[in-house]
Amino acid sequence: MSSIILTELDNFFAEKLLGAEASEETTLSLARLMAMSRQGHLCATLSDLSFPPPASLLEEGTHLFPTAPIVWDAERYYLQRNWVYETYLLQETKRLRAQPLPSWIVRSQWEGKLLDSALLPAQREAICSALSHSFSIICGGPGSGKTYTASHLVTLLAACKGRSLRVAIAAPTGKAAFHLHAAIQKRSPVGIDAEVTTLHRLLHLQPGEERLFSRRILDADLVLVDEASLIDISLMAHLFESIGEETLLVLIGDPNQLPPVTGGSLFCAMAELFGSFLERSLRVEAKEVGELISAVQEGNLPLFLSYPKLYPLEELPHQEIFFANDIPDPKVALDFYERHRFLSAVRQGPYGVDEINAFFWKKIIATRSAWAVPILATANDPWRGIYNGMNGVLVGKASESAVAWFPDLATGKLSPFSPPPPYELAFCLSVHKSQGCEYEEVIAFFPSGSEFFGKEGLYTAITRAKRSVQLFGEPEIFAEMLKKSARAISGFTDRFRRG
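Quantities reported herein were computed from a predicted structural model and do not represent experimental measurements.

Draft legend 1. Examining the overall build of the protein chain more closely. Along the backbone of the protein chain there are 18 helices and 20 strands. Against the 2.2 N^0.38 benchmark of 23 Å for 499 residues, the protein chain shows a C-alpha radius of gyration of 24 Å, consistent with a compact globule. Overall, the protein chain is about 70 × 65 × 45 Å in size when its C-alpha atoms are taken along their principal axes. By the burial criterion, 53% of the 499 residues in the protein chain qualify as buried. A fraction of 74% describes how many contacts in the protein chain between residues 6 or more apart in sequence connect residues 24 or more apart. Here the protein chain holds 47 positive side-chain charges and 57 negative ones, and the gap between their average locations is 6 Å.

Draft legend 2. Spotlight on the nonpolar core. In terms of nonpolar packing, the biggest core is built from 65 residues, with L157, L224, V250, V373 and F406 touching the most fellow members. Looking at this core, the element that brings in the most residues is helix α7 (residues 146–161), giving 7 residues. Contact partners of L224, with chain neighbours within four places excluded, come to A150, V154, A168, I169, A170, L180, I184, V250 and I252. Counting 40 residues, the second-largest nonpolar core is a separate cluster that includes L42, L212, L239 and I243.

Draft legend 3. A look at the packing of helix α16 (residues 454–462) against helix α17 (residues 475–483). In contact at an axis separation of 5 Å, α16 and α17 are set at 105° when each is read in the N-to-C sense. The angle between α16 and α17 falls in the class roughly perpendicular. In this structure, α16 uses G454, K455, G457 and L458 to contact α17, whose residues at the interface are F478, M481 and L482. Tallied by class, residues from the contact of α16 with α17 come to 4 nonpolar, 2 polar and 1 charged.

Draft legend 4. How the structure looks around the packing of aromatic side chains. All chains considered together, the criterion is met by 23 aromatic pairs. Plain terms: the ring middles of W361 and W371 are 5.3 Å apart, the flat faces sit at 75° to each other, and that makes the pair edge-to-face. With W361 in helix α15 (residues 353–367) and W371 in strand β13 (residues 370–377), this pair connects stretches of sequence that are 10 residues apart. Judged by centre distance (6.1 Å) and plane angle (65°), the ring pair of F406 and F417 falls under edge-to-face. Of this pair, F406 sits in strand β15 (residues 403–407) while F417 sits in strand β16 (residues 414–417); the two residues are 11 residues apart in sequence, bridging distant segments of the chain. What links up through ring pairs into an aromatic cluster is the set Y311, F336, Y337, F342, Y351, F359, F360, F427, F445 and F472.

Draft legend 5. Just the sheet that holds β15, in detail. Strands sit in the order β16-β15-β14-β13-β17 across an open sheet of 5 strands; the sheet is antiparallel. Of all strands in the sheet, those with a lone pairing partner are β16 and β17 (423–425), marking the two edges. On average, adjacent strands in this sheet sit at an angle of 35° to one another, irrespective of strand direction. Where β15 and β16 come together, 4 bridges link them in antiparallel fashion. Paired with F406 across the two strands is S415, which belongs to β16. Each of β13 and β17 touches α15; the most contacted strand, β13, lies at about 155° to it.

Draft legend 6. Representation of α17 within the structure. The complete set of buried residues in α17 reads I477, F478, A479, M481 and L482. For α17, the secondary structure elements touched by its buried residues are α12 (287–298), α13 (301–305), β11 (310–311), β19 (439–446), α16 and β20 (465–473).

Draft legend 7. Fine view of the packing of helix α6 (residues 121–130) against α7. α7 packs onto α6 with a crossing angle of 45° between their chain directions and a minimal axis gap of 10 Å. Put simply, α6 runs oblique to α7. The element α6 and its partner α7 pack so that their crossing is right-handed. Mapping the contact onto sequence places Q123, A126, I127 and A130 in α6 and Y148, T149, H152, L153 and L156 in α7. Residue composition of the contact of α6 with α7, grouped by class: 6 nonpolar, 3 polar and no charged.

Draft legend 8. View of the side chain of Q435. The residue Q435 is located in the loop between β18 (428–430) and β19 in this model. Looking at Q435, the relative accessible area reads 7%, which means it is buried. A polar contact of 3.3 Å, which involves the side chain of Q435, links it to the side chain of Q257. Polar contacts involving the side chain of Q435 include one to the main-chain amide nitrogen of L258, which spans 3.3 Å.

Draft legend 9. Region of the structure containing the environment of M481. With respect to the helices and strands, M481 occurs in helix α17. Judged by relative accessible area, M481 falls into the buried class, the value being 0%. Residues M481 and S450, 31 residues apart in the sequence, show an inter-C-alpha distance of 7.4 Å. In this structure M481 touches F446, S450, E451, F453, G454, K455, G457 and L458, once residues within four positions along its chain are discounted.

Rules used in this analysis
Per chain, residue numbering runs from 1 following the sequence as it is written. Where totals are concerned, whole chains, interfaces and linings use all residues; where local detail is concerned, this predicted model gives features only for residues with pLDDT of at least 70, and gives and counts side-chain atom pairs only at 80 or more. By convention in this description, side-chain values take in all heavy atoms of the structure and omit both hydrogens and water. A run of H or I in DSSP counts as a helix once it spans at least four residues, and a run of E counts as a strand once it spans at least two, with each numbered from the N terminus. As defined in this context, the radius of gyration uses C-alpha atoms, and a globule is described by 2.2 Å times the residue total to the power 0.38. Only protein chains enter the accessibility calculation, which uses a 1.4 Å probe. A residue is then buried if its area is under 20% of the maximum for its type, exposed if over 50%, and partly exposed in between. Whether two residues are in contact is decided by their heavy atoms: any pair within 4.5 Å suffices. Residues scored as positive are Lys and Arg, those scored as negative are Asp and Glu, and His as well as the terminal groups of each chain are ignored. Positions of charges follow a simple convention, taking NZ of Lys, CZ of Arg, CG of Asp or CD of Glu. Residues belong to a common nonpolar core when they are buried Ala, Val, Leu, Ile, Met, Phe, Trp, Tyr or Cys residues joined through side-chain atoms within 4.5 Å. Between N-to-C directions, angles span 0 to 180 degrees; the directions come from axes that are lines fitted to C-alpha atoms, helices contributing only their stretch in contact. In this scheme, roughly parallel covers angles under 35 degrees and roughly antiparallel covers those over 145, while 65 to 115 is roughly perpendicular and the rest are oblique. Residues are grouped as follows: Ala, Val, Leu, Ile, Met, Phe, Trp, Tyr, Cys and Pro are nonpolar; Asp, Glu, Lys and Arg are charged; all remaining types, including Gly, are polar. What counts as a ring pair is set by centres within 6.5 Å for rings of Phe, Tyr and Trp (its six-membered ring), and what kind of pair is set by the plane angle: stacked under 30 degrees, edge-to-face over 60, tilted for all other angles. Pairing between strands requires that DSSP locate at least two bridges from one strand to the other. It is the rotation of the near helix from the far one that decides the hand of a crossing: anticlockwise by less than a right angle makes it left-handed, clockwise makes it right-handed. Under this definition, polar contacts are N or O atom pairs within 3.5 Å; protein pairs additionally need one hydrogen-donor-capable and one acceptor-capable atom, and for neighbouring residues in sequence, both atoms have to be side-chain atoms.

Here is the structure:
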C-alpha cells in the first residue's frame, strides 16, 4: 500500500465529525481513514489508523444501509459511503455469478465450434467460462489475445442467438470501445447488432452522477466491457445492477495495470476470484522488454536495474520532435506520434507531464512558422464523434488559427475540427492516461513522487511499448516502486469468500 498523505482538510473534517470527542488520537485516526478513502482505499485496518475510531461513531456492518458514519466489519473500518458501495457491488456480483444462463444459450450449438477453433488452450478456457456464467472476466496483458478471444466469443453466441444478437460494447473511453468493436468486426464472420459507446453513455450517466438502485436494465444479450481495470466502484456498481436475467456480462482487462484514480481496485479483486487469465503475450516484439516486464511483476530489482536502457534523469538525450517547415500532412503527423510517445508518472515538476508539454510547445512556437503537435481530447463531443482520451493533432501556422484533426473511431479517416474541441497537449502523457494505448517506442520518466504508483506504474508504462522503451529515473525510486503496490484496499475478496 502507498503511504498515507494527510491534508489539512482531512484533519478539519475529522474534527468536525468528532465534535466534543475530538482528541489528538481520535482526530488522527479519523483523518487517516478519510485520507485513505481519498486515495482510493475502501477501508482500513487498525494498523493503518494507529488508534480505533470512537465507539459512538461506529456501527457493525450487518446490513446495506448503516446509520453511523463509520462501519466496522472483520477488523476493517469503512466510511459509510464506501461500505454501501462495496456491499451493494458484492450483492450484485453474487447475484450474477449465481444467476442461470440466459435461456437462448444452448451448449450443443457452440461446444463443437469451440473445440474445432484454432484458439490457444487458455483462450478456449476463457470462452468456456464466459459461456458457463452470466458474469465472467477475461484477463491478460497487452498482446495476450483478449480481443481475439472476445471476437470468438461473439461468434459462438451469434450461433446460439442468430443474427439478432444484440451486443453492447463499452469501455471507460470511446476510443477503447471502438477499438474492441473494430477487432470484433474484423475477426467475426457473423453480423451483429452492436451498440458501441462509453460506459457512462451506455448507462445514461454523466461523470460523477449517481443513480444507484434504479435498476434500469440494459436491452442487450451481451454486454462486453473493455479496459475494465479503469472502472471505479461507483461505475462498476451502476453497471452490475443494469444486467438482467437474459444478459451476459463479460469484463476484459489487465489487473496488473494501475487501478482507477478513485474508488478501489475492484476489477483486480474480481479477477483473483474468478478471472480467466491469458498469460502468453503475443505483442511485445523485443525480448528485453518482455524480460523487463517479468522483472517488474516478480519485484526483481537486480534484473530490473540490468536493463540496458535505464538512465538517470540528468542524462536525457536530445529527442527530435516531428514537424515540418510547411504545414505537414495531419495523417503523417498522427502516425508518427502514435508510434512514439513520452510518458511521465507525475503531472508536476521538471519531469512532469505539464512541464514537458510546455517545453516542446514553446520550442516549436519559437522556431517554426508551421507545425503539427499531438493533442488529447479532454471532453466527450458525440455529435462530432470525439471522445475523451482520443489522440489527434493540432495543425497550424503562426499567422492562422489552428485546426484540430481527429480520426473517426470506426473508419480511421481523419477529419478537421475548427474551432478545436477541448484538448491538452500530448507530447507527453501521464502513465494513467496512456492505459489502453500502444506505441512502437516509449520514453518514460519516473522522478521523485513516482513511488506512489508502485510496480503497477512501472508495468503500465513499460507495457505501452511494442518494440523499445527507455526509462529515466534514479535506482532508489525504482527500488521503492518495485516494493510497493498501488492497488487500493478493500474487503471485497474476503467478504465474497465468506459468503
